[in-house]
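Chain residues, written in single-letter form:
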Amino acid sequence: MAQIVFVHGVATRSSPALDLAEQSMADLLGRVVFQGVAHAILAPRWGDHVPKIPREIYATRQAAASFSLGIRDDEPAGIGVDEPSAAGSSLGALAADHPQFAVDAVLTRLADDAEAAHRRLTADELDLFAAAVDAQDDADKARALTGRAGSDAALAFAIQAEAESMSVLSAITDAVHGVTDRIRNAASTVAYGLLHDAVRPAVGLFGGDVFAYLNRGTLRGLIQQTVGDKLKAAWTAKSPDEPLIVIAHSMGGVIVTDMLADLTAAGLPATLTVDFLLTVGSQPGLFQAVGALSGGVPSAGSRQPRPPCVRAWCNVFDPIDPLAFAAGPMFDGVEDLEFNSLTGLVSAHTTYFKRPQFYARLRSRLADLSLLR
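Residues numbered from 1 in each chain as written. Predicted model: local features only at pLDDT ≥ 70, side-chain atom pairs only at ≥ 80, totals over all residues. Heavy atoms only, no water.

## Considering the pattern of salt bridges
- The final tally for this structure, using the stated rule, is 17 salt bridges.
- The partner of Asp-104 in a salt bridge is Arg-355, and the shortest N-O contact between them spans 2.6 Å. Placement of Asp-104 in helix 3 (residues 99-116) and of Arg-355 in the loop between strand 6 (335-338) and helix 12 (356-368) is noted, with a sequence separation of 251 residues between them.
- Judged by relative accessible area, which is 2%, Asp-104 ranks as buried. (Salt bridge = Lys/Arg side-chain N within 4 Å of Asp/Glu carboxyl O. Helix = DSSP H or I, 4+ residues; strand = E, 2+ residues; numbered from the N terminus. Buried < 20%, exposed > 50% of the residue type's maximum accessible area, 1.4 Å probe, protein only.)

## Some remarks on the pairing of strand 5 (residues 313-317)
- Among the 5 residues of strand 5, 5 are classified as buried, and the element is accordingly described as predominantly covered.
- Of the two faces of strand 5, both are covered, the one formed by Trp-313, Asn-315 and Phe-317 as well as the one formed by Cys-314 and Val-316.
- Examined bridge by bridge, strand 4 (residues 276-280) and strand 5 share 4 bridges and lie parallel to one another. Bridging across to strand 5, Leu-278 finds its partner in Cys-314.
- In this region the chain leaves strand 4, passes through helix 11 (residues 284-289) and returns to the parallel neighbour strand 5; the handedness of that crossover is right-handed.
- In terms of strand pairing, strand 5 meets strand 6 through 4 bridges, oriented parallel. (Pairing = 2+ DSSP bridges. Right-handed = clockwise from strand over helix to strand, strands pointing away.)

## Some remarks on the environment of Leu-372
- As for its position among the elements, Leu-372 is in the segment after helix 12.
- When the C-alpha atoms of Leu-372 and His-39 are compared, they prove to be 9.4 Å apart, with 333 residues separating the residues in sequence.
- Apart from residues no more than four positions distant in its own chain, Leu-372 is found in contact with Val-33, Phe-34, Val-37, Arg-363, Leu-366 and Ala-367. (Contact = heavy atoms within 4.5 Å.)

## Re the sheet that holds strand 2 (residues 39-42)
- An order of 2-1-3-4-5-6 is seen for the 6 strands of this open sheet, with the pairing classed as parallel. The open sheet has two free edges, formed respectively by strand 2 and strand 6, since each of these has just one partner strand. Mean inter-strand twist for the sheet, computed between neighbouring axes without regard to direction, equals 20°.
- Running at roughly 170° to strand 1 (residues 2-7), helix 9 (residues 218-237) makes contact with strand 1, strand 2 and strand 3 (244-249) of the sheet. (Axes fitted to C-alpha atoms, helices over the stretch in contact; angles between N-to-C directions.)

## Let's talk about the environment of Ala-153
- Structurally, Ala-153 is set in helix 6 (residues 152-161).
- The exposed category is assigned to Ala-153, whose relative accessible area is 55%.
- Expressed as a C-alpha distance, the spacing of Ala-153 and Gly-92, which sit 61 residues apart in the sequence, is 7.5 Å.

On their own, these measurements won't tell you what the molecule is for.
Take a look at the structure:
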């Protein structure tokens, strides 16, 4: 049985929403990556140890007095927008030339909509997600899914036909329209206030979680113990010929990289071996550069070795993700992989695990490493 440990990133706390997110990801991994492969997924919730940050700290737009130089509250002041403008375009029209992009965008939006409705994907929707994953590596399959499209309605109807069920048509139609609205209107309708309110808490929680971990003391020990318990459980449960796979998002990748670099200090078994480490939208390269991880500040021109217990390490990042960094400049034996997606600055950091193309690439890489067993 393949053992998978998923280490979450920043701003993640136990809640019904997290329960749903973890179950949804498990559904997708089981349906499109590990289908037919016995597997178990463990997910340590290290974020529960970090003190809660009062939301009032982020409410800088509600200050009682103004210190401005005359810029009105409703005017964007140099903050920019989170997505390019494509006024007049529709996803249905774009699908003719870019079927793989269209399929990926629709199923990603469908996953977003399901999460917003606090529900898991249905069996028919999972089937469509699996078809979208397959389409990422096969243009003919993508074209078969999108049909001739030309309009949003035609695209929605063509995609739902794959499920051989009309029950998903409404959800797919909403998803197609949602992507088209984003393409057409993002640049002109994303208000400064909305962007501010979306970004500020995320940045604050990121900083809070980072400071909590880097503070070498009781809190850091609790975080490492929580992650270490799941790693040890997975290591103990597997047989010698079964793989241990670690997927770590954002700050989770920093924590795991730090722990695996020094198993003894992290309280992990000296024999522990990770067959594949995947850091996603993460920062181990950044933190190693400033000497915050095991090994301290590297000397000029030198790089830290990949943790000896890790057999293969890939570091995936979206170029527009402001919280994702390359690891190769700081570590030997890591492969940096760019992951392009149509999303905005605000959502780039959290979208990886909802995109069919992400699961397609993960499945392909695990197959190449002979780890789907």
